[in-house]
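Chain and residue survey
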Amino acid sequence: MKVGLLWMSALLGAATAGSAFAAGPHPRARPALASFTTAQAYQGRFAYIQNCGECHGGDLGGQFGPALAGPHSNVPWQTPAAFYSYMTQQMPVGNAGGLSQTDYLNIAAFVLQSNGRRAGAKRLTISAITNDTAALDQSR
Ligand code: HEC
């Protein structure tokens with residue numbers, strides 16, 4: 001009886017260790033998520049309201065232009081890289097590419113945050129966002 005229980009716990013231990021080892025994809029297979037700060041997203045909110053809000057809605061829910069967040073938006077399914085490239089080349093309508101790099105990055109931080117990405121310690125950079133090829137909304 002005692003021997004039997006020892007065997008059981010040894011087997012359980014091996015099974016637990018085995019599954020923990022095998023869990024999840026290889027870390028290197030995941031694209032790096034672009035980091036941004038709360039301050040950037042906060043500043044981006046103002047730049048967004050000034051330059052985008054009249055068409056895309058103050059809450060990003062869409063108005064004259066499509067929604068940039070939420071269940072009726074395509075943006076959550078896009079990659080930050082694609083979003084950034086489109087926004088900086090085509091937006092705002094009537095002044096395409098006309099904002100400063102800082103404003104575009106801050107607006108991107110605000111849109112990332114509005115789609116559920118969490119702020120971190122590092123400021124958003126162009127290379128970080130153009131290398132982020134994961135789904136913008138990680139819950140999709
Ligand atoms: C004058 C109105 C207007 C302004 C201002 C404007 N947009 Fe747009 N935006 C549009 C319209 C209209 C579309 C749809 C374009 C199309 O389908 O060809 C669009 C499309 C987009 C898309 C693509 C959405 C999708 O579903 O793929 C993004 C992203 C975007 N805008 C971001 C921005 C950002 C960020 C700003 C501010 C820097 C901005 N826009 C300013 C009107 C505007």
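Details of the structure are given in the entry above.
Residues numbered from 1 in each chain as written. Predicted model: local features only at pLDDT ≥ 70, side-chain atom pairs only at ≥ 80, totals over all residues. Heavy atoms only, no water.

So, helix α4 (residues 80-90)
For clarity, the threshold we go by: When accessible area is computed with a 1.4 Å probe and restricted to protein chains, residues below 20% of their type maximum are described as buried, those above 50% as exposed, and intermediate ones as partly exposed. Comment: elements are numbered from the N terminus, with helices defined as DSSP H or I runs of at least four residues and strands as E runs of at least two. Taking the helix axis as origin, the arc is that swept by the directions to the C-beta atoms.
Residues of α4 that are buried include every one of Pro80, Ala81, Phe83, Tyr84, Met87 and Thr88, and no others. Axial view of α4: buried residues confined to an arc of 165°, hence all on one face.

As for the packing of aromatic side chains
Each pair of aromatic rings is reported with the distance of its centres and the angle of its planes. To be explicit about the condition: What counts as a ring pair is set by centres within 6.5 Å for rings of Phe, Tyr and Trp (its six-membered ring), and what kind of pair is set by the plane angle: stacked under 30 degrees, edge-to-face over 60, tilted for all other angles.
Tallying each qualifying case throughout the model produces two aromatic pairs. Look at Tyr42 and Phe46: their rings are 5.5 Å apart centre to centre, the planes differ by 75°, and that puts the pair in the edge-to-face class. Of the two residues, Tyr42 and Phe46 are both situated in helix α2 (residues 38-51); the distance of four residues between them amounts to about one turn of the helix. Residue Phe46 is classed as partly exposed on the basis of its relative accessible area of 45%. With a centroid separation of 5.4 Å and 50° between ring planes, the pair formed by Tyr48 and Phe110 is classed as tilted. With Tyr48 in helix α2 and Phe110 in helix α5 (residues 101-114), the pair connects residues that are 62 residues apart, well separated along the chain. With respect to burial, Tyr48 and Phe110 carry one shared label: buried.

Some thoughts on unusual backbone geometry
With an omega of -10°, the peptide bond between Met91 and Pro92 qualifies as cis. Not every positive phi belongs to a glycine, and Leu60 is a case in point at roughly 65°. The topology assignment puts Leu60 in the loop between α3 (53-56) and α4. Residue Leu60 is classed as buried on the basis of its relative accessible area of 4%.

Remarks on the layout of surface pockets
Here is the rule we go by: Using a grid of 1 Å spacing that covers the protein atoms alone, one calls a set of points a cavity when a 1.4 Å probe fits there but cannot get out, and a pocket when the set is open and has protein on both sides within 12 Å along at least five of seven lines; lining residues are those with an atom within 4 Å of a point. Grid points are joined across faces, edges and corners, and a volume is the space filled by probe spheres set on the points.
Roughly 490 Å³ of volume is contained in the largest pocket. Around the largest pocket sit 26 residues that line it, and His56, Pro66, Leu68, Tyr86 and Met91 are the ones nearest its centre. Elements that contribute at least two residues to the lining of the largest pocket include exactly α2, α3, α4 and α5.

Quick word on the nonpolar core
Heads up, the condition is: Buried residues of nine kinds, namely Ala, Val, Leu, Ile, Met, Phe, Trp, Tyr and Cys, make up a nonpolar core once their side-chain atoms join them within 4.5 Å. Throughout, a contact is declared for two residues whenever any of their heavy atoms are within 4.5 Å.
Ranked by size, the top nonpolar core spans 25 residues in total, and within it Ile107 and Leu124 carry the most contacts. Secondary structure elements with two or more residues in this core: α2, α4 and α5. Of all the elements, α5 adds the most residues to this core, at eight residues. Sequence-distant contacts of Leu124, that is, excluding residues within four places in its chain, are made with Ala34, Ser35, Phe36, Gln40, Leu105, Ala108, Ala109, Leu112 and Ile129.

Considering the coordination of the iron atom of the ligand
What counts here: Donors, by definition, are the N, O and S atoms found within 2.8 Å of a metal, the threshold being 3.2 Å for Na, K and Ca, and water is not counted, so a site can look incomplete. Just to be clear on the cut-offs, tetrahedral is four donors with all angles between 85 and 135 degrees, square planar is four donors and octahedral six with opposite donors over 155 degrees apart and all others between 65 and 115, and anything else goes down as irregular.
In this structure, His56 (NE2) and Met91 (SD) serve as the protein donors to the iron atom of the ligand, at separations of 2.0 to 2.2 Å. Geometry at the iron atom of the ligand is octahedral, judged from the six donor atoms that bind it and their angles of 84 to 178° at the metal. Of this pair, His56 sits in helix α3 while Met91 sits in the loop between α4 and α5, and the two are 35 residues apart along the sequence. According to the relative accessible area criterion, His56 is buried, its value standing at 10%.

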